[in-house]
Amino acid sequence: MQEEKGMNTLETERLILRKFTEDDFAAVHSYASCAENIIYMVWGPNSEEQTRNFINISIALAEKIPCKNYQYAAVSKESNMLIGACNLALSGNEAEIGWILHRDYWKRGYGTEMGKALLDLGFRELNLHRITAHCDAENYGSYRVMEKIGMRREGLFLEGRPAHKLSDKKYGDELSYAVLKSEWETRMEIEYYNALPCVFKDFFPLPDLSDGVLHLVCTAKKPAIPEKKWVPSYDFAVCKGSEKIGGISLRIGYTDGLYYGGQIGYNIDEKHRGNGYAPRACRLLLPVVKAHCMEKLIITNEYKNAASMRVCEKLGARFMRVARLPEWHDLYKEGKRFVNIFEWNVE
Ligand SMILES: CC(C)(COP(=O)(O)OP(=O)(O)OC[C@H]1O[C@@H](n2cnc3c(N)ncnc32)[C@H](O)[C@@H]1OP(=O)(O)O)[C@@H](O)C(=O)NCCC(=O)NCCS
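It should be emphasised that the depicted structure is a prediction, and the values quoted were computed from it without experimental measurement.

Asks: Quick one: what's the story with the overall build of the chain, residue by residue and with numbers?
Replies: Within the chain one finds ten helices and 15 strands. Expected size for 347 residues packed as a compact globule is a radius of gyration near 20 Å; at 26 Å, the chain overshoots this value by more than 25%. Counting only residues that meet the buried cut, the chain has 33% of its 347 residues in that class. Long-range contacts, defined here as pairs at least 24 residues apart, represent 59% of the contacts in the chain between residues at least 6 apart.

Asks: Lay out the environment of L121 with the relevant residues and their values.
Replies: Residue position: L121 is located in helix α3 (residues 110–125). The spacing of L121 and N8 is 113 residues in sequence and 9.9 Å in space, taken between C-alpha atoms. In this structure, L121 is in contact with L10, Y70, L88 and L126, ignoring residues within four places of it in sequence.

Asks: Explain the sheet that holds strand β12 (residues 264–268) residue by residue, including any values.
Replies: The strand order across the open sheet built from four strands is β9-β10-β11-β12, with neighbouring strands paired in antiparallel fashion. Because the sheet does not close on itself, it has two edges, and the strands there are β9 (215–222) and β12. In this sheet, neighbouring strand axes are inclined to one another by 20 degrees on average, regardless of whether the strands run parallel or antiparallel. One ladder, built from five bridges, connects strand β11 (residues 243–251) with β12; its direction is antiparallel. Residue pairing in the sheet places G246 in a bridge with I268 of β12. Sitting on the sheet, helix α7 (residues 277–284) is in contact with β9, β10 (233–240), β11 and β12, with an inclination near 140 degrees to β12.

Asks: I'd like a rundown of the domain arrangement of the chain, residues and numbers included.
Replies: When the domains of the chain are assigned, the result is domain 1 (2–180) and domain 2 (215–345). The C-alpha centroid of domain 2 is placed 42 Å from the C-alpha centroid of domain 1.

Asks: Please provide a residue-by-residue account of the pairing of β10, values included.
Replies: As judged from the seven bridges shared by β9 and β10, these two strands associate in the antiparallel manner. Within β10, the position partnered with K222 by the bridge is S233. Connecting β10 to the antiparallel partner β11 that follows it, the hairpin turn spans two residues, and G241 within it adopts a positive phi of roughly 60 degrees.

Asks: I'd like to hear about helix α5 (residues 181–194), residue by residue, with values.
Replies: Here α5 is 14 residues long and its end C-alpha atoms lie 20 Å apart, about the 20 Å a rise of 1.5 Å per residue gives. Every buried residue of α5 is listed here: W184, T186 and I190. Across the axial projection of α5, the buried residues extend over an arc of 160 degrees, all falling on one side. In this fold, the buried residues of α5 make contact with α3, β8 (171–180), α6 (256–261) and β14 (318–324).

Asks: Please set out the site of the ligand residue by residue, giving values where relevant.
Replies: Lining the immediate surroundings of the ligand are 22 residues, of which G111, T112, C135, G141 and R144 lie closest. At the level of elements, β5 (94–101), α3 and α4 (140–148) are the ones that each hand at least two residues to the shell around the ligand. Counting residues per element, the shell around the ligand draws most heavily on α4, which supplies six residues. Of the residues that constitute the shell around the ligand, the class distribution is ten nonpolar, eight polar and four charged.

Conventions and cut-offs
Residues numbered from 1 in each chain as written. Predicted model: local features only at pLDDT ≥ 70, side-chain atom pairs only at ≥ 80, totals over all residues. Helix = DSSP H or I, 4+ residues; strand = E, 2+ residues; numbered from the N terminus. Rg over C-alpha atoms; globule rule 2.2 N^0.38 Å. Buried ≥ 20, exposed ≤ 12 C-beta atoms within 10 Å, placed from the backbone. Contact = placed C-beta atoms within 7 Å. Pairing = 2+ DSSP bridges. Axes fitted to C-alpha atoms, helices over the stretch in contact; angles between N-to-C directions. Domains from an automatic or database assignment. Expected span 1.5 Å × (residues − 1). Arc of directions from axis to C-beta. Near = placed C-beta within 6 Å. Nonpolar A, V, L, I, M, F, W, Y, C, P; charged D, E, K, R; others polar.

So, in structure tokens, the structure goes:
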């Protein structure tokens, strides 16, 4: 648990996030004393004394064990120069995170890099439950960072903070973002699946897909619809002799949406249920799956759909998690809120 942790140096692709030292004064003061640079911060522009105080407090906080407020100096690996700072402040099993860069380094992805590192620290290292971030509603760069690292907008608080430095108003609006550990883990999983191999040049000429009991008859080969982010898919009728007893679809690819919808969707007509036909039909897809070089398939089912969960178990698919559906997903729009995620490894 976080109670015993001290503050360690973090490393990202292009940055070292380390403790502050007194030698950092000039670099910190160059952005902290500049009104354009700190326009959206509730503090500043800093006097020299205020910057020295900030550095001294940060140095002291970093030495505390357990550390409750992680104040990082962000140093470019390339130039070894301090180009900004970020922090994670604990409160129970939650934390608030924040960031600032010298404005010469804006819009180069460093904010996103720092944000990702802070979430990694908070969830992987400190095992936190929830992480929040807040900013002036006009601070596009900052809330884009929040969105890009997977945080969810939770609220807009009208006149919930002092107006930004160049405003003629007294109060400004505040945006509030948060992410749960489970959402962050889901996001990591999605990134993992989206990077899996999958080859689609064209629809594959289908071999005989039968096992002596069932056979699959292809009813549609649906091309991708890029604007909807839909991948190509095959639809099959599941047949027993001459009778159609259900349907099964295979989607070729890995996308954010498919993580929640799965590569395989099946249904067996009611009067034929309870005979193990759904797992049989899934197995009949394997030559097609392999032809497209896919090694892992996600099968999802509604939170309380015991029959579909049994199908996954019979296939030997691994239960991954109950995932909360994002608002943009079609299943969410249909009123569903959670799905079970299973991974079927067909290597
Ligand atoms: C907030 C801040 C850390 C963002 O850092 P950054 O390194 O510029 O962020 P990134 O490069 O990772 O950019 C994230 C996104 O925001 C966009 N963005 C960042 N700053 C922007 C700006 N000033 N205007 C328009 N877009 C901006 C980027 O283009 C990128 O968007 P995209 O990927 O959708 O194209 C930086 O702007 C900053 O230091 N601001 C002053 C301090 C501050 O306001 N801190 C936050 C207090 S809550």
